[in-house]
Amino acid sequence: MHAQRGNLDHLRDVLATYMARKGLRFDEQRRLHHRDLFHAPAHITIEELLGQVRSADPRVGYATVYRTLKLLAESGVASERHFGDGLTRYELADGDTHHDHLICIECHGITEFEEPRIESLQDEVAERYGFDLRTHKHELYGVCAACQSQKRGSKARN
């Protein structure tokens, strides 16, 4: 996942506060999961995180990682993302910043981007309709440059 150092510290504080409010312990096993998640690539699946966690502790089960990710999502530390391929992915909350996604329908690669013109335009549209915009998700589906290039290469060989 892609968070800056200051944001990581903030997210740890948010999580600690949430867990204390819920009466949850921050044991060593949870600490390992959180550490792995905080340093994982963006858009990680439960299975991918399980593989990382098991490299440090092979006894960790799927249900434990699942519960941990749900806890992080409930606390606001991570967001669940669904990109139309049947998998649930998680990414760390990125505070005040916002990004959108380009999703390749062939290789399922995900590219994050920020575009101020899109942000401005959606604010204008919301204002025009008297809509109090709180949040949004902008996802564009298509074929990435690498998959397009690979297709062109395979057509040329035929």
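Quick note: structure is the one above.
Cut-offs and rules
In every chain, residue numbers begin from 1 and rise along the written sequence. Side-chain atom pairs in this predicted model are given and counted only at pLDDT of 80 or more, local residue features only at pLDDT of at least 70, and totals for whole chains, interfaces and linings cover all residues. Excluding hydrogens and water, the side-chain figures rest on all heavy atoms present in the structure. Among the buried residues, those of types Ala, Val, Leu, Ile, Met, Phe, Trp, Tyr and Cys that are joined through side-chain atoms within 4.5 Å form a nonpolar core. When a residue's accessible area, from a 1.4 Å probe over protein chains only, is under 20% of the maximum for its type it is buried; when over 50% it is exposed; and in between it is partly exposed. Put simply, DSSP H or I for four residues or longer makes a helix, DSSP E for two residues or longer makes a strand, and each gets a number counted from the N terminus. Two residues qualify as a contact provided that any one of their heavy atoms is within 4.5 Å of a heavy atom in the partner residue. Note: two strands are recorded as paired if DSSP finds a minimum of 2 bridges between them. Structural elements are reduced to axes, namely lines fitted to C-alpha atoms, with helices fitted over the stretch in contact, and the angle between N-to-C directions of any two is expressed from 0 to 180 degrees. For this analysis, a polar contact is any N or O atom pair within 3.5 Å, provided that within protein one partner can donate a hydrogen and the other can accept it, and provided that sequence-adjacent residues contribute only side-chain to side-chain pairs.

## Regarding the nonpolar core
Phase 1 of the analysis: Judged by nonpolar contacts, the single largest core of 23 residues is most densely connected at L37 and L69.
Phase 2 of the analysis: Take this core: its biggest share by element is five residues, from helix 1 (residues 5-22).
Phase 3 of the analysis: Residue contacts for L69: discarding those within four places in its chain leaves L37, I46, L49 and Y90.

## Side note on the sheet that holds strand 6 (residues 139-142)
Hydrogen bonds between backbone groups are what pair the strands of a sheet, and the pairing can be parallel or antiparallel.
Phase 1 of the analysis: An order of 5-4-6 is seen for the three strands of this open sheet, with the pairing classed as mixed. Edge positions in the open sheet fall to strand 5 (110-113) and strand 6, since each of these has one partner strand only. In this sheet, adjacent strand axes meet at a mean angle of 20° when their direction is disregarded.

## A look at the side chain of D57
Phase 1 of the analysis: Along the polypeptide, D57 turns up in the loop between helix 3 (46-56) and helix 4 (62-75).
Phase 2 of the analysis: Here D57 falls in the buried class, since its relative accessible area comes to 9%.
Phase 3 of the analysis: Within the structure, the side chain of D57 is placed 2.9 Å from the side chain of R59, a separation counted as a polar contact.

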